[in-house]
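Below, each chain spelled out in residue letters.
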Amino acid sequence: MWVITVYSPENDIAQFEFTTEQEAREAFEQLQGCKILTEVIYFNDEILLATA
């Protein structure tokens, strides 16, 4: 899961969730304000279980 956190000049905070990195990066370019793009990894994600 990918999350974009946006801090706007009016001191508002918004978060947006995306399934893929590509979706998140496309939205990231369109959003205004101070932005942070974060990848959320859960310990029980299938990709982590496959490598264990």
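This text goes with the structure placed above it.
Attention in this report is confined to the structure presented alongside it. (Residues numbered from 1 in each chain as written. Predicted model: local features only at pLDDT ≥ 70, side-chain atom pairs only at ≥ 80, totals over all residues. Heavy atoms only, no water.)

A look at the overall build of the protein
When you go through the protein residue by residue, the secondary structure sums to 2 helices and 3 strands. In the protein, buried positions account for 17% of the 52 residues. Per element, the accessible surface of the protein, about 4400 Å² overall, is 53% carbon and sulfur. (Helix = DSSP H or I, 4+ residues; strand = E, 2+ residues; numbered from the N terminus. Buried < 20%, exposed > 50% of the residue type's maximum accessible area, 1.4 Å probe, protein only. Areas by Shrake-Rupley, 256 points an atom, 1.4 Å probe, with all protein chains shown as cover.)

Focus: the nonpolar core
Within the largest apolar cluster, 6 residues are counted, these being Trp2, Ile4, Val6, Phe18, Ala24 and Ala27. For this core, the element with the most residues is strand E1 (residues 2–7), which contributes 3 residues. When near neighbours in sequence (up to four residues on either side) are disregarded, Ala27 contacts Ile4 and Phe18. (Core = buried A, V, L, I, M, F, W, Y, C linked by side-chain atoms within 4.5 Å. Contact = heavy atoms within 4.5 Å.)

Details of the pattern of salt bridges
Overall, the coordinates contain 1 salt bridge when judged by the stated rule. As a salt-bridge pair, Glu21 and Arg25 come within 2.7 Å of each other at their nearest N and O atoms. Residue Glu21 and its partner Arg25 are located together in helix H1 (residues 21–30), separated by 4 residues, close to a single helical turn. The class of Glu21 is partly exposed, set by a relative accessible area of 34%. (Salt bridge = Lys/Arg side-chain N within 4 Å of Asp/Glu carboxyl O.)

Examining the sheet that holds strand E2 (residues 13–18)
Backbone-to-backbone hydrogen bonds pair the strands of a sheet. The strands run either parallel or antiparallel. Spatially, the 3 strands line up as an open sheet ordered E2-E1-E3, and their pairing is antiparallel. With partners counted over all chains shown, the strands left at the sheet margins are E2 and strand E3 (34–39), one partner each. Here the average twist between neighbouring strands, direction ignored, is 15°. As paired strands, E1 and E2 are joined by 6 bridges and run antiparallel to one another. Across the sheet, Thr5 pairs through a bridge with Gln15, a residue of E2. (Pairing = 2+ DSSP bridges. Axes fitted to C-alpha atoms, helices over the stretch in contact; angles between N-to-C directions.)

Brief notes about the packing of aromatic side chains
Geometrically, a pair of aromatic rings is defined through the distance of the ring centres and the angle of the planes. Counted by the stated rule, this structure contains 0 aromatic pairs. For Lys35, the ring lying beneath its charged end belongs to Phe28, and the centroid distance is 4.4 Å. (Phe/Tyr/Trp six-rings, centres within 6.5 Å; stacked < 30°, edge-to-face > 60°. Lys NZ or Arg CZ within 6 Å of the ring centre and 35° of its normal.)

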